[in-house]
Amino acid sequence: MRGRAGRADTSIVEPQATARPLLARPARLFLATRTYLAARRTPVPVIARDPRTAERKEAMPQRLDVFLAVGHGVEDNGIFDPGAIGTDGRMEHMEAFQVCTFALAAMRRSGLTVISETAQGASHDPDFKGSARRANELNPRVAIEVHFDSHNGVPGYSGLYVSDQGKQLAAKIGAAFQARNLPRAADVERPELLFLNSTSMPALIPEINRVHDYPAQVNQTQGEALAEGVCDFLGQPFKPPAGGPDEISHPHPHPHPHDNGQVTENSKLLAAPRAPASQVREFLLGRSHGGYTDDDVETIVDSYYATATAVGLDPLLVVAQMSEETGHLTSFWSQRPRRNFAGIGVTGKEGVGNKFPSLTAGIRAHTGRLLAYVLPTGAENPAQAALITEALQARDLPADRRGIAPTLAGLSGKWAMDKGYAAKVAAVANQIRNA
Ligand SMILES: [Zn+2]
C-alpha cells in the first residue's frame, strides 16, 4: 500500500466523462488518488459510544467477530483504485482480494463470524474512510484491512497497528506466517492511518508481502495464516483445512467454490477472479491477436481486470467472452478504429455495429453490458449502476434482459442466439486457466 510505482498509468479506469486512451494518461490524475496515507484533518464520524448502546452491544450474544476489508478498490465516485502495482503488472487490490477469499473461508470454517468485502464485490475509497465507517457501524471484535506493499517495499508480512491490541494481533498473525515458512518483516506503529486511528475496536493493516501475482496456493497459505492469527487473538480454536495442514502445500489445491473450480455454464459471473491476469496475457499473447501489439494486449487485459473487478465480475469470464466473441482479438469488429470487443450492435449487416473511441471505452461498454445481464434493475451498488448506465448509453438493452444471467447459462440464446454460447465461453475460460 505504500508505494504506487509501476505501470499504474495503464491500470486505472476512468468514467466515460474523463475517458482518454489508456496510454496517454497524465500522471497527475493518478496522484490525485494517492492521498490516503497522509494524515487526515477530517475525522471519520465514529458511532456514538453512548454507554447504554455499549451495554446493549455487550449483552448481544453474537457480536460480529471480524470485519475483513480488501485494500483499495472502488472510490465513492466509481473510480477504481488498484493500489500498488507489481513488477509483473499485478494490482494490489486483486491480490488482497484473493487472500481475503481464502482467509474468509478459513475463519468461517473455524467458527468465527465474519463480514468480508469480498462477498460484496467492491471495496472502499482509498483514504480508508469507507472501510473505517463500515467497521464502526458493524462493531466487530477486530477490524482488518488487507494490503500488499509496493514492488520495492517490505518483503514479507508486516502488521501496521496503532493500539496495543492491534500490535498483539499483528504478532499473532506474524507467528502464523512464520509457522508456514512465509517471510516475516517487522510490525510498524502507524498512528496517522485513518483505518487504525478512527476505528473503535482493535484494528490492523496486514501488509502481506510485496505485491506480485502469487500462485493461488501461496495466497491460500497466506489467507490461512491470517485466519489462524485472528483465531489465536480471539481465543477461537483454529480448524485446519479438511485435508490437514499438509493440504495447503499440495501442488493441486482442493477445488475452492469460488477460485479453483473448473468453469461451467453454472459458474457465477459475480465472483472473485478465477485466474490471474498473467494467465490471460499468456493465453492471448500465445495466439495471433490481429492488429494489436503485445503491449496493446497487456493493456487490454489489465483494463478488463480493473473494470470487471471494480464491479464484482470475475474478469476471467469477461475476458473469455471477449476472446470467444472476437476470435482472440482477431475479428474485424474488434480492431481499431472499431474496438468492439463483444459484437455489440453487430447484426451481420455490413457496417452495422458499435464503434468505440478508445480501448477503455470499448472495454467498459462490454463489461457494463454484461453486468446488466447479471444484475436486475435496482440491485446495483453505485459503481455497478454507473458502469451499466454508461454501457447502455452506447446501446440500449431491452428490460427483459436485465438480471437474466447470474450464471453463464443465462447468456445462451440471449446475448447470442447460440444455445451453446455459455458452454463455449466456459470452454475458453478453462483453456485460459489450464494454459
Ligand atoms: Zn495498499
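*Asks:* Describe the sheet that holds strand β1 (residues 66-70), and please don't skip the residues or the numbers.
*Replies:* The strand order across the open sheet built from six strands is β4-β1-β5-β8-β6-β7, with neighbouring strands paired in mixed fashion. With partners counted over all chains shown, the strands left at the sheet margins are β4 (114-116) and β7 (188-189), one partner each. Along the sheet, helix α7 (residues 216-234) makes contact with β1, β5 (142-149) and β8 (203-210), crossing β5 at roughly 150 degrees.

*Asks:* Give me helix α3 (residues 92-109): which residues, what numbers.
*Replies:* Under the 1.5 Å per step criterion, the end-to-end length of α3 is 26 Å for 18 residues, consistent within 8% with the ideal 26 Å. Within α3, 16 of the 18 residues are buried, which leaves it mostly tucked inside the rest of the structure. Gly111 sits one or two positions beyond α3 and adopts a positive phi of about 95 degrees.

*Asks:* Which residues make up helix α4 (residues 129-138), and what are the values?
*Replies:* Buried residues of α4: Lys129, Gly130, Ser131, Ala132, Ala135 and Asn136, and no others. In this structure, the buried side of α4 is in contact with β1, β5, α6 (194-197) and β8.

*Asks:* Describe the environment of Ala272, naming the residues involved and giving the relevant values.
*Replies:* Counting through the fold element by element, Ala272 comes out in the loop between α7 and α8 (277-285). Expressed as a C-alpha distance, the spacing of Ala272 and Leu313, which sit 41 residues apart in the sequence, is 7.2 Å.

*Asks:* Mind laying out the packing of α8 against helix α13 (residues 421-433), listing which residues take part and the relevant values?
*Replies:* It is at 8 Å that the axes of α8 and α13 come closest, and there the two elements cross at 100 degrees. In terms of axis orientation, α8 runs roughly perpendicular to α13. Contact residues: Gln279, Val280 and Phe283 in α8; Gln431, Ile432 and Arg433 in α13.

*Asks:* I'd like a description of the pairing of β1, backed by residues and values.
*Replies:* Within β1, five of the five residues are buried, which leaves the element mostly enclosed by the surrounding structure. Here β1 shows two buried faces, one formed by Val66, Leu68 and Val70 and the other by Phe67 and Ala69. When β1 meets β4, the two strands line up parallel, connected through three bridges. Looking at the pairing, Phe67 lines up with Ile115 of β4. Here β1 pairs with β5 via five bridges, running parallel. Looking across to β5, one finds that Val70 is bridged to Val146.

*Asks:* Now, about the environment of Phe102: what can you tell me, with residues and values included?
*Replies:* Note that Phe102 resides in helix α3. Expressed as a C-alpha distance, the spacing of Phe102 and Ala216, which sit 114 residues apart in the sequence, is 9.3 Å. Contact partners of Phe102, with chain neighbours within four places excluded, come to Asn219, Gln220, Gly223 and Glu224.

The rules behind these values
Residues numbered from 1 in each chain as written. Predicted model: local features only at pLDDT ≥ 70, side-chain atom pairs only at ≥ 80, totals over all residues. Pairing = 2+ DSSP bridges. Helix = DSSP H or I, 4+ residues; strand = E, 2+ residues; numbered from the N terminus. Contact = placed C-beta atoms within 7 Å. Axes fitted to C-alpha atoms, helices over the stretch in contact; angles between N-to-C directions. Expected span 1.5 Å × (residues − 1). Buried ≥ 20, exposed ≤ 12 C-beta atoms within 10 Å, placed from the backbone. Parallel < 35°, antiparallel > 145°, perpendicular 65-115°, else oblique.

Geometry only, nothing functional implied.
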